[in-house]
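# Examination of the molecular architecture
Now for the letters of each chain:
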Amino acid sequence: EMPANQLSTNRSIIKYILLSIITFGIYALVIDSIISSDINTIASRYDGKNTVHYCLVVFVFGPLTLGIYGLIWYHQVSNRIGNELERRGIGYNFSASDFWLWGILGTFIFIGPIVYKHKMLTAMNLLAEDYNIKG
């Protein structure tokens, strides 16, 4: 059955970059927070996991672990998104390897983190579209 509240399916890398710049990073914080909530809405009843809210990562656990928790969070959420794409039979590949290769190693070619975020936003759009139809 269709879920009562529909999840956003219009995430875009251009909007993400431009609005993050003009809001001094607040938009990026909001989008990653929504992603952390949406993946719980979409996947928790199937995988029994709970992704920590992104604000806790940025403001509490990240600083306490000198940024290490942020790396762990992105690794875990990327794998979780990829696992849910696979479980739902959506033909789009996304996993922690995208985070490490594009998001981290890709910083050396500058565009890498942008490619990673684009892939993450695309994956979440696909999951949200599927969830909005099938629940």
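Preceding this paragraph is the structure being described.
An account of the accompanying structure is given in this report. All of these numbers come straight from a predicted model, not from anything done at the bench. (Residues numbered from 1 in each chain as written. Predicted model: local features only at pLDDT ≥ 70, side-chain atom pairs only at ≥ 80, totals over all residues. Heavy atoms only, no water.)

## Observations concerning the side chain of Asn 125
Along the chain, Asn 125 turns up in helix α6 (residues 112-134). A relative accessible area of 10% means that Asn 125 is categorised as buried. Not counting residues up to four positions away in its chain, the partners in contact with Asn 125 are Ser 8, Thr 9, Asn 10 and Arg 11. (Helix = DSSP H or I, 4+ residues; strand = E, 2+ residues; numbered from the N terminus. Buried < 20%, exposed > 50% of the residue type's maximum accessible area, 1.4 Å probe, protein only. Contact = heavy atoms within 4.5 Å.)

## Observations regarding the pattern of salt bridges
Where charged atoms from two side chains of opposite charge come close, those side chains can pair. By the definition in use, this model includes eight salt bridges. Among the ionic pairs, Arg 88 bridges to Asp 130, the shortest N-O distance being 2.6 Å. Linking Arg 88 in the loop between α4 (68-87) and α5 (96-104) with Asp 130 in helix α6, this pair joins segments that are 42 residues apart in sequence. Judged by its relative accessible area of 11%, Arg 88 falls in the buried class. (Salt bridge = Lys/Arg side-chain N within 4 Å of Asp/Glu carboxyl O.)

## A short note on α6
Spanning 23 residues, α6 covers 33 Å between terminal C-alpha atoms, matching the ideal 33 Å at 1.5 Å per step. Of the residues flanking the end of α6, it is Gly 135, one or two places downstream, whose phi is positive at about 80°. (Expected span 1.5 Å × (residues − 1).)

## What to know about the packing of helix α1 (residues 13-22) against helix α2 (residues 26-47)
In contact at an axis separation of 6 Å, α1 and α2 are set at 135° when each is read in the N-to-C sense. Classified by the angle their axes make, α1 and α2 are oblique. Across the interface between the two elements, Lys 15, Tyr 16, Leu 19 and Ser 20 from α1 touch Tyr 27, Ala 28, Ile 31 and Asp 32 from α2. Its residues placed into classes, the contact of α1 with α2 shows five nonpolar, one polar and two charged. (Axes fitted to C-alpha atoms, helices over the stretch in contact; angles between N-to-C directions. Parallel < 35°, antiparallel > 145°, perpendicular 65-115°, else oblique. Nonpolar A, V, L, I, M, F, W, Y, C, P; charged D, E, K, R; others polar.)

## Observations regarding the side chain of Ser 33
Relative to the helices and strands, Ser 33 resides in helix α2. What Ser 33 contacts, discounting residues up to four positions off in sequence, is His 53, Tyr 54 and Cys 55.

## Considerations on the environment of Ile 72
Tracing the sequence through the fold places Ile 72 in helix α4. Expressed as a C-alpha distance, the spacing of Ile 72 and Ala 96, which sit 24 residues apart in the sequence, is 9.7 Å.

## A word on the packing of aromatic side chains
One pass over the structure, following the stated rule, counts 10 aromatic pairs. Pairing Tyr 16 with Tyr 27 gives two aromatic rings, centres 6.5 Å apart and planes at 65°, and the pair type is edge-to-face. Of this pair, Tyr 16 sits in helix α1 while Tyr 27 sits in helix α2; the two residues are 11 residues apart in sequence, bridging distant segments of the chain. Neither residue differs from the other here; Tyr 16 and Tyr 27 are each classed as buried. Summarising the aromatic geometry, the rings of Tyr 74 and Tyr 116 are spaced 6.0 Å apart at their centres and angled 75° between planes, so their arrangement reads as edge-to-face. You can see Tyr 74 sitting in helix α4 and its partner Tyr 116 sitting in helix α6, a full 42 residues away along the chain. (Phe/Tyr/Trp six-rings, centres within 6.5 Å; stacked < 30°, edge-to-face > 60°.)

Read these as spatial facts, not as claims about activity.
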